[in-house]
Structure formats: C-alpha cells, structure tokens
Amino acid sequence: MKVTVVIPTIERVADLSALIGFLRSQASPGVDLSFVVVQNGPVAREPHVDEIHPPIERLIRRSEYLGSEGGFLTGLQVAQQCERYLLLDEDATLDPESFDRLLAACSAFPDAVISGSHNGHGWWIGQSALGIGSEPVPITRAPWSGLVLTPAARSIALSSPSQYFFLWDDYSLCWKLEHAGIQLIGVPRAVIGNRIKSSESVTPWRAYYRCRNELLYRRDTGSGGMVRALLMRARFAAGAVRRGNLAVGAAVYRGMVDGLMDRRGMRMLPGSAPE
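What comes next concerns the included structure.

Parameters at a glance
- One numbering rule holds for all chains: residues counted from 1, following each sequence as written.
- Given that this is a predicted model, residues contribute local features only at a pLDDT of at least 70 and side-chain atom pairs are listed and counted only at 80 or more, while totals for whole chains, interfaces and linings are drawn from all residues.
- Only heavy atoms go into the side-chain values, all of them from the structure, while hydrogens and water stay out.
- Think of a 1 Å grid over just the protein atoms. A cavity is a set of points where a 1.4 Å probe fits yet cannot get out, a pocket is an open set with protein on both sides within 12 Å along at least five of seven lines, and lining residues have an atom within 4 Å of a point.
- Grid points are joined across faces, edges and corners, and a volume is the space filled by probe spheres set on the points.
- We count a stretch as a helix when DSSP gives it H or I for four or more residues in a row; a strand needs E for two or more, and each element gets its number in order from the N terminus.
- Only Asp, Glu, Lys and Arg are considered charged in this grouping, and only Ala, Val, Leu, Ile, Met, Phe, Trp, Tyr, Cys and Pro are considered nonpolar; every other residue, Gly among them, is considered polar.
- Counted as salt bridges are all cases of a side-chain nitrogen of Lys or Arg within 4 Å of a carboxyl oxygen of Asp or Glu.
- Each residue is placed in one exposure class: buried if its accessible area under a 1.4 Å probe, protein chains only, is under 20% of its type's maximum, exposed if it is over 50%, and partly exposed if it falls in between.
- As a rule, the C-alpha atoms of each element are fitted with a line to give its axis, helices using only the stretch in contact, and angles between N-to-C directions run from 0 to 180 degrees.
- Should an angle fall under 35 degrees it is called roughly parallel, over 145 degrees roughly antiparallel, and 65 to 115 degrees roughly perpendicular, with every other angle called oblique.
- When checking whether two residues touch, look at their non-hydrogen atoms; a contact exists if any pair is within 4.5 Å.
- Classification of ring pairs rests on two measures: the distance between centres of Phe, Tyr or Trp rings, Trp counted by its six-membered ring, which must be within 6.5 Å, and the angle between planes, read as stacked under 30 degrees, edge-to-face over 60 and tilted in between.
- A ring has a charge above it when a Lys NZ or an Arg CZ is no more than 6 Å from the ring centre and no more than 35 degrees off the ring normal.

Overview of empty space enclosed by the protein
As enumerated under the stated definition, the model contains one cavity of 30 Å³ or more in all. Taken as a whole, the largest cavity holds about 40 Å³ of empty space. Taken together, Glu69, Leu73, Trp144, Ala157, Ser160, Pro161, Ser162, Asp169, Ser172, Leu173 and Lys176 make up the lining of the largest cavity. Taken together, the elements giving at least two residues each to the lining of the largest cavity come down to helix H2 (67-78) and helix H5 (169-179). Here the residues of the lining of the largest cavity are counted per class, giving five nonpolar, three polar and three charged.

The structure is reproduced here in structure tokens:
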C-alpha cells in the first residue's frame, strides 16, 4: 500500500522527528511510506525541519500561518498520487499497534475514510455506535489528526475548502464526505494522542474562531440551531465581560457578527486580541 503522511508543523522539530521516525519504524515491507511536511507559518522556535534525520521527501515552506485546514490542504495539494493519505499533527502520538490498525481498516474498508480514535474518544457518533466497542464502526465526525483519506476524499477536500481557518474545518470536511456518499469509519483501537496539551482553551483568538466557525458550519450544513448557538455564545461573552476578560468577550461578539455576515478566512492570528 502506498501511503503519504501529511504533517503541518510550526517547527517543533523534536516532536516531528520522533513522529516520522516512529512511523518509519512501524511500516511493514508492504507499505510504501512517504512524507510531506508543511512549514505552517514563520513562528520557528527550533531548528528548521530540514534538519530532520533521515530527511523527509517533501518540505513546503510558507511565510504565513495557514491555519489547520490550510496546512493540511497545502500538503495534500503537492502530495504524489497514492492509495491513502494519513493526516497527523506534528505532536501526534500513536501506540505501537495503532498504525497497523489504521492500515488494516483501510484494507477492510477500501472506499471509506478511516479515523483513529482521538485520545480514545471525541467522535461525533451516530446512535448506532453509542455502544462502541473495539471493532471499527461508522462515525459521523472526526478531527484532522488521524484521518486517512482516499484519493476521492482528497479531491473533495481540495475542491471545496471551508475557509474556516481554525476549528470546525475538520467537521466541515466530514460533512462534505458524508454528503458525497463516502463513509467515515472509526477505529477505536487506533488511538491518536498529542504530546502537547494546549493551555489556551479560553483565549481571544480561540474564542473568536470557535464562535464564528460554529455559525458558519451551521449555515453551510443546514444543521439548524443557529438561534440557540447565538444565545449560548452571547451568554458566554457576557460572562467573560463580567469576569473582567474583556478581550474574550469582544472576540466572541466579533465572531458572532462575522459568522452572521459570512466572513471567512484568517481574521485573527493565534495569540492576538480583537482590534
């Protein structure tokens, strides 16, 4: 099986090297494995990724931060034609058997997109999967990291980006795959984790994209609940203001306006506050 691994990076070279080395060590002789690494922004804090040993096949440099969707789609755009495309965060972790389990599911479900189980949970699953066990199961939504795309799924991803920039863009892709008739299969025993745990759960830029992109997602998918989402976000913003966190409150209100006005793309950089 010919597999290309796409990894956006912000120059966490140690994590990236460990992940690539691990995957190479896990690949069986029947797996032709190649890597596309996308330098996602000018925020290098460690040596350049071309110092990875052994060298990777393809390094794409970008001077601006592309966001989550932009990072993965840039890598998919230049990836060579192959049977599967595995998407991973640069700090992703897999146990020694997870990689083989992902590829085994690819063979068992040749037309489906496969997803690892992010930290063992976190899927949006259908009612039929509520009693989830250890066997592969149909799911409805999954994060970028741990997705294994088919060539058909790659084409869909490249042809209609959501332009959400950060957050909800992976769910948007899953919805598009579902409506294109491509099944999404979750593999509970292929657990995908992350070495780095973000301490930025409630920051202005995250609050902005979480609010704006939920509204865009509900608009794009026709999933309803727009009024309820607006009320919940307004209450959250008001609570942030009462607690003295004016920047988060302002970011949420700005996200509400931009979501309703269908404003997409990069509007706030990570670490920034609303103007």
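As for unusual backbone geometry
A negative phi angle is the norm for most residues apart from glycine, just as the trans form is the norm for most peptide bonds. The residue Phe165 is not glycine, and still its phi comes out positive at about 80°. Here Phe165 lies in the loop between helix H4 (151-159) and H5. Unlike most non-glycine residues, Asp262 shows phi in positive territory, near 60°.

Brief notes about the pattern of salt bridges
In this structure the tally under the stated criterion is nine salt bridges. Arg195 is the partner of Asp15 in a salt bridge, and the nearest nitrogen-oxygen pair spans 3.8 Å. Taken as a pair, Asp15 in helix H1 (residues 13-26) and Arg195 in the loop between strand S9 (184-194) and helix H6 (204-221) lie far apart in primary sequence, 180 residues in all. A relative accessible area of 41% places Arg195 in the partly exposed class. A salt bridge links Arg233 to Glu214, with the shortest nitrogen-to-oxygen separation between them at 2.6 Å. On the criterion of sequence distance, the pair formed by Arg233 in helix H7 (residues 226-242) and Glu214 in helix H6 is long-range, its members being 19 residues apart. Residues joined in a network through salt bridges with shared partners are Glu214, Arg218 and Arg233.

Looking at the packing of H5 against H6
Direction vectors running N to C along H5 and H6 enclose 10°, while the axes themselves pass 10 Å from each other. By the angle between their axes, H5 is roughly parallel relative to H6. Every residue of H6 that contacts H5 at Tyr171, Ser172 and Trp175 is listed here: Tyr217, Asp220 and Thr221. Across the contact of H5 with H6, the residue classes break down as three nonpolar, two polar and one charged.

Re the environment of Ala251
Structurally, the position occupied by Ala251 is in helix H8 (residues 246-260). Each C-alpha atom of the pair Ala251 and Arg210 lies 10.0 Å from the other, and the pair is 41 residues apart in sequence.

What to know about the packing of aromatic side chains
A complete count under the given rule lists seven aromatic pairs for this structure. Aromatic side chains Trp168 and Tyr217 sit 5.1 Å apart centroid to centroid with 50° between the ring planes, which places their arrangement in the tilted category. Remark: Tyr217 occurs in helix H6 and Trp168 occurs in the loop between H4 and H5; sequence separation between them is 49 residues. Considered together, Trp168 and Tyr217 belong to a single accessibility category, that of buried residues. Ring centres 4.9 Å apart and planes at 75° place the aromatic pair Tyr208 and Tyr209 in the edge-to-face group. Judged by its relative accessible area of 0%, Tyr208 falls in the buried class. By way of ring pairs, the aromatic residues Tyr65, Phe165, Tyr208 and Tyr209 are connected into one cluster. The ring centre of Tyr208 lies 5.3 Å from the NZ or CZ of Arg254, which sits over that ring.

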